[in-house]
Amino acid sequence: MTYSLNFTKNAFKELEKINEPHYSTIKQAIQNLATNPRPNGYKKLKGRDGYRIRIGD
């Protein structure tokens, strides 16, 4: 099953500020969320709906 990813304009602007090689790594991880929205190592956010994943350090 494939999911859709929706971004706000502000999210795109913030992502564009990230330098290489970090940008490519983060972009690939976000694209992978469309096929696996809860990859290994994901954590539930406390006090909010949603989850987080960690990429790199």
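If you're wondering where the values come from, they're calculated on a predicted model, not measured in any experiment. (Residues numbered from 1 in each chain as written. Predicted model: local features only at pLDDT ≥ 70, side-chain atom pairs only at ≥ 80, totals over all residues. Heavy atoms only, no water.)

**Observations concerning the packing of aromatic side chains**
Quick reminder of the rule: For Phe, Tyr and Trp, rings pair up if their centres lie within 6.5 Å, where Trp contributes its six-membered ring, and each pair is then called stacked (planes under 30 degrees apart), edge-to-face (over 60) or tilted (otherwise). Note on classification: 1.4 Å probe, protein chains only; a residue is buried when its accessible area is under 20% of the maximum for its type, exposed when over 50%, partly exposed between these limits.
This structure, assessed with the given rule, holds 2 aromatic pairs. Seen in terms of ring centroids, Phe 7 and Phe 12 are 5.2 Å apart; in terms of plane orientation they differ by 40°. Their pairing is tilted. Among the residues examined, Phe 12 registers a relative accessible area of 45% and is labelled partly exposed. Between the aromatic rings of Tyr 42 and Tyr 51, the centroid separation amounts to 5.3 Å while the plane-to-plane angle is 70°, which identifies the pairing as edge-to-face. A relative accessible area of 39% places Tyr 51 in the partly exposed class.

**Structural notes on the environment of Thr 25**
Here is the rule: Secondary structure counts use DSSP, requiring at least four H or I residues in a row for a helix and at least two E residues in a row for a strand, with both numbered from the N terminus. For the purposes of these results, a polar contact is taken to be a pair of N or O atoms within 3.5 Å, where, inside protein, one atom must be able to donate a hydrogen and its partner to accept one; residues adjacent in sequence count only when each atom of the pair is a side-chain atom.
Along the chain, Thr 25 falls in helix H2 (residues 22-32). Looking at Thr 25, the relative accessible area reads 42%, which means it is partly exposed. Separated by 24 residues in the primary sequence, Thr 25 and Met 1 have C-alpha atoms spaced 23 Å apart. A distance of 3.2 Å separates a polar atom in the side chain of Thr 25 from the backbone oxygen of Pro 21.

**So, the environment of Ala 34**
Defined as follows: Every residue pair with non-hydrogen atoms within 4.5 Å of one another is taken to be in contact.
Take Ala 34: it is sitting in the loop between H2 and strand E1 (43-44). Once the C-alpha coordinates of Ala 34 and Gly 47 are considered, the two residues, 13 residues apart in sequence, prove to be 24 Å apart. Ignoring sequence-local partners within four residues, the contact set of Ala 34 consists of Met 1, Thr 2, Tyr 3 and Leu 5.

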